[in-house]
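Summary of the model geometry
Residue-level listing of the chains:
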Amino acid sequence: MIEVGIEKIGFYTPEQYVSMEDLADARGIDPNKFLIGIGQAEMAVPTIDMDIVAMAANACEQIIDEADKQLIDQVIFATESSFDYSKAGATYLHEMLGIQPFAKVFEIKQACYGGTAGIQMACDYVRLRPNRKVLVVMSDISKYGLNTGGEPTQGAGAVAVLVSAEPKVLAIDLESTSLSFQSFDFWRPQYSKVALVEGHYSTELYLDLFEHVVQEVQAQRPNVWEQIDALYFHLPFTKMGKKALDRLLAKGLLDEERYASLLAHYESSAKLGRRVGNIYTGSLYLSFLSGLVYDEKLQAGDHVGLFSYGSGAVGEFLTGTLHEGAFTQAIRDKTLQQFEQRQAISVATYEEIYQDTLPETGVWQNESSSQQPKGYYLAEIDKHRRRYGYN
Ligand code: CAA
């Protein structure tokens, strides 16, 4: 069987962030609740002109070259913060990035799991057509509302992956284990601008699904489980990954030695998420990227497991093997440069940006000419049609 998986991976996060210490002070909460209890240090804040399509284009731009554009057969856009009930975010990307015209473009939704669904579809497509490639992009803005329990777990960003039969970063195994369970732990009815969430129940459900999925992996594919060197998690807030490992230890599904080793890998994988917040569909792949950037114990040939969770609810456990391309300086540099260039904003500015809305008249012009973000951004809306600019 040919190897397929991630050939390239790119990430984008907005240029502004608010410090969680400042947010805690403004809300009258002990900062350690956010820093330690939830595990978040900074939260990305997107301006009104950095929507999910602009963020996605900025992530894709980092990884695809002219040759890729001719070989990409599908552009799959995973999101749960779409601004359109009909037209897919991928339609804009297809034009903005100059992908060959005969490609298929569409959007996928299943909460934070949508990106994994897209990657799995892409792998299956490429297994049958090893000369072609699929671009999968996950882009989200996470919003629970000012002064709510979910507020410290907001964030924004996009992860793009190019799936091909040259998996220079990660070869993904054909077999995976998934589990679904109808629930209302986190959802967003059409009439609501923010997600509705049963916070503590959602955390418990995540842990229950993770535990059951791991039990199934251990029963069905014990050799695969034993070989895993590092685990990556969907991290709605970074403490979640530690909770998941603690659950396995408490249930006797890990011994102390393996727990300590996986915990060390998890700590590297949580570093970027700690500075971005929840990016829903892209969150698991941001954890993976963080591991590539910070984890000095990882090497080519290591076997890894990825736990994807999407409220509502689906869990899927993927496995794969790291390749040399996972450890290039370019991946590290491109990722870290963005953090060096970010600007800290006050809580008052964050609240102002948060409440900024686009008019429902369908006419809007981006007038912040001196402050437009670098790369792609929303330039105007004309007759309800979004148009993007590039800086
Ligand atoms: N110092 C250190 N730790 C402190 C502290 C202090 N001063 N004060 C509190 N803490 C700790 C608490 O002990 C607690 O730790 P444990 O979870 O280990 O017990 C932690 O900080 C959080 O405290 P609370 O549970 O009291 O916090 P909360 O009631 O404000 O809710 C939350 C936290 C449920 C995560 C809430 O922010 C939320 O609803 N977030 C959105 C939902 C979410 O992210 N769910 C995750 C699973 S669903 C999913 O994965 C899909 C998705 O992306 C949304």
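Each chain carries its own residue numbering, running from 1 in the direction its sequence is written. Local features in this predicted model are restricted to residues whose pLDDT is 70 or higher, and side-chain atom pairs enter the listing and the counts only when it is 80 or higher, whereas totals over whole chains, interfaces and linings include all residues. The side-chain values count all of the structure's non-hydrogen atoms but skip hydrogen atoms and water molecules.

Quick look at the site of the ligand
Short version of the rule: Any residue with at least one heavy atom within 4 Å of a molecule or strand is counted as near it. Counted as a polar contact is a pair of N or O atoms within 3.5 Å, where, for protein atoms, one must be capable of donating a hydrogen and the other of accepting one, and residues adjacent in sequence contribute only when both atoms are in side chains. Here the open area of atoms and residues is found with the Shrake-Rupley method and a 1.4 Å probe, where only the protein chains shown may cover a residue. Buriedness of a pocket was judged along seven lines, with at least five required to meet protein on both sides within 12 Å; pockets are open sets of points on a 1 Å grid over the protein atoms alone, cavities are sets where a 1.4 Å probe fits but cannot get out, and lining residues have an atom within 4 Å of a point. Assignment to a cavity or pocket requires that more than half of a molecule's atoms be within 2 Å of the site's grid points. The numbering of helices and of strands both runs from the N terminus, where a helix is a DSSP run of H or I of at least 4 residues and a strand a run of E of at least 2.
Contacts to the ligand come from 24 residues, most closely from Lys33, Gly149, His200, His234 and Lys243. Here an oxygen atom of the ligand and a side-chain polar atom of His234 are 2.8 Å apart. A total of 1100 Å² of accessible area belongs to the ligand in isolation, and the protein chains cover 73% of it. Cavity membership is defined here by more than half of the atoms lying within 2 Å of grid points; on that basis the ligand lies in the second largest pocket. Mapped by element, the contributors of at least two residues to the shell around the ligand are helix 2 (31-38), helix 7 (199-220) and helix 9 (239-250).

Re helix 9
Because an α-helix packs 3.6 residues into every turn, residues spaced three or four apart end up facing the same way. To be explicit about the condition: One less than the number of residues in a helix, times 1.5 Å, gives the span that helix is expected to have. When checking whether two residues touch, look at their non-hydrogen atoms; a contact exists if any pair is within 4.5 Å.
Here helix 9 spans 16 Å end to end across 12 residues, near enough to the 16 Å set by a 1.5 Å rise per residue. Tucked inside the fold, the buried residues of helix 9 contact helix 7, helix 8 (222-227), strand 12 (228-233) and helix 10 (256-269). Positive phi appears at Gly252, one or two residues downstream of helix 9, with a value of about 75°.

Structural notes on the nonpolar core
We apply this condition: Residues belong to one nonpolar core when they are buried, are Ala, Val, Leu, Ile, Met, Phe, Trp, Tyr or Cys, and are joined through side-chain atoms within 4.5 Å. Each residue is assigned to one of three classes by its accessible area relative to the maximum for its type, calculated with a 1.4 Å probe on protein chains only: buried under 20%, partly exposed between the two thresholds, exposed over 50%. For the domain bounds, the source is a domain assignment made automatically or taken from a database.
Val136, Val159, Val161, Leu170, Phe288, Leu306 and Leu322 are the most contacted members of the largest nonpolar core, which totals 46 residues. With 7 residues, helix 12 (residues 283-294) is the single largest residue contributor to this core. Each of domain 1 (5-170 + 330-390) and domain 2 (174-323) contributes no fewer than three residues to this core. Setting aside residues up to four positions removed in sequence, Val159 forms contacts with Ile9, Gly10, Phe11, Ala59, Val136, Val137, Met138, Ile279, Gly282, Tyr285 and Leu286. Phe233, Leu248, Tyr259 and Ala270 belong to the second largest nonpolar core, which has 44 residues in total.

Examining the side chain of Thr177
Its location among the elements puts Thr177 in strand 9 (residues 177-180). Judged by its relative accessible area of 8%, Thr177 falls in the buried class. In this structure the side chain of Thr177 is engaged in a polar contact, spanning 3.0 Å, whose partner is the side chain of Arg221. For Thr177, the residues in contact, after removing those within four places along its chain, are Val213, Glu216, Val217, Arg221, Gly315, Glu316 and Phe317.

Observations regarding the sheet that holds strand 18 (residues 385-390)
Applied cut-off: Two strands form a pair only when DSSP identifies at least two bridges running between them. Helix axes are fitted to C-alpha atoms over the stretch in contact, other axes to C-alpha atoms as well, and angles between N-to-C directions run from 0 to 180 degrees.
Taken in spatial order, the 3 strands line up as 16-17-18 in an open sheet, and their pairing is antiparallel. The sheet is open, and its two edges are formed by strand 16 (364-365) and strand 18, each paired on a single side. Examined bridge by bridge, strand 16 and strand 17 (residues 376-382) share 2 bridges and lie antiparallel to one another. Bridge pairing in strand 17 links Gln365 to Glu380. Along the sheet, helix 3 (residues 52-61) contacts strand 17 and strand 18; its crossing angle with strand 17, the most-contacted strand, is approximately 145°.

With respect to the pattern of salt bridges
As a reminder of what qualifies: A pair is scored as a salt bridge if a Lys or Arg side-chain nitrogen falls within 4 Å of a carboxyl oxygen belonging to Asp or Glu.
Within the structure shown, the criterion is met by 19 salt bridges. Between Asp68 and Lys8 there is a salt bridge, and its shortest N-O distance comes to 2.7 Å. Of this pair, Asp68 sits in helix 4 (residues 66-71) while Lys8 is found in strand 1 (residues 5-12), placing the two residues 60 residues apart along the sequence. The class of Asp68 is buried, set by a relative accessible area of 2%. Close ionic contact of Glu204 with Arg247 constitutes a salt bridge, the shortest N to O distance being 3.1 Å. Of this pair, Glu204 sits in helix 7 while Arg247 sits in helix 9, placing them 43 residues apart in sequence. It is possible to trace a salt-bridge network through shared partners that takes in Glu7, Lys8, Asp65, Asp68 and Lys133.

Considerations on the UniProt feature "domain: Hydroxymethylglutaryl-coenzyme A synthase N-terminal" (unreviewed entry) in the protein chain
Our working definition: UniProt positions are given in the numbering used here, feature names are shortened, and annotations may be inferred rather than shown by experiment.
In the numbering used here, UniProt assigns the feature "domain: Hydroxymethylglutaryl-coenzyme A synthase N-terminal" (unreviewed entry) to residues 3-165. For residues 3-165, the helix share is 34%, the strand share is 29%, and the end-to-end C-alpha distance is 6 Å.

Focus: a negative patch on the surface
Which entries qualify depends on this criterion: Only residues whose relative accessible area exceeds 30% and that form no salt bridge are eligible for patches; like-charged ones are grouped when within 9 Å, while nonpolar side chains (Val, Leu, Ile, Met, Phe, Trp, Tyr) are grouped when within 5 Å. Two residue types count as positive, namely Lys and Arg, and two as negative, namely Asp and Glu; His and chain ends fall outside the count. Charge placement uses NZ in Lys and CZ in Arg. For Asp and Glu, CG and CD serve respectively.
A cluster of acidic side chains, namely Glu226, Asp255, Glu256 and Glu257, defines a negative patch on the protein surface. Summarising the element assignment, Glu256 is placed in helix 10.

Re the domain arrangement of the protein chain
Counted only if it meets this: When two parts are brought into contact, each loses some accessible area as probed by a 1.4 Å sphere; the total of that loss over both is the buried area.
Once the domains are mapped, the protein chain shows domain 1 (5-170 + 330-390) and domain 2 (174-323). Computed from C-alpha atoms alone, the centre-to-centre distance between domain 1 and domain 2 is 20 Å. Counting residues at the interface gives 57 residues for domain 1 and 47 residues for domain 2. Here domain 1 packs against domain 2, burying approximately 4200 Å² in sum over the two surfaces, 59% of which is carbon and sulfur. Between the two partners, domain 1 and domain 2, sit 1 salt bridge. With a closest N to O distance of 3.0 Å, Arg275 and Glu42 form a salt bridge. Seen at the junction of domain 1 and domain 2, the total is 29 residue pairs in polar contact (both at pLDDT 80 or more). Secondary structure elements with two or more residues in the side of domain 1 that touches domain 2: strand 1, helix 2, strand 3 (42-45), helix 6 (114-128), strand 6 (133-142), strand 7 (155-164) and helix 13 (329-340). Of the residues forming the side of domain 1 that touches domain 2, the biggest block, 7 residues, is contributed by helix 6.

Quick notes on the sheet that holds strand 2 (residues 16-19)
Pairing in this open sheet of 3 strands is mixed, and the strands run 3-2-15 from one edge to the other. Either end of the sheet is taken by a strand with one partner, and the two such strands are strand 3 and strand 15 (343-345). Mean inter-strand twist for the sheet, computed between neighbouring axes without regard to direction, equals 40°. Here strand 2 pairs with strand 15 via 3 bridges, running parallel. If you follow Tyr17 over to strand 15, its bridge partner there is Ala344. Those strands touched by helix 1 (residues 20-27) are strand 2 and strand 3, and its axis lies near 55° from that of strand 2.

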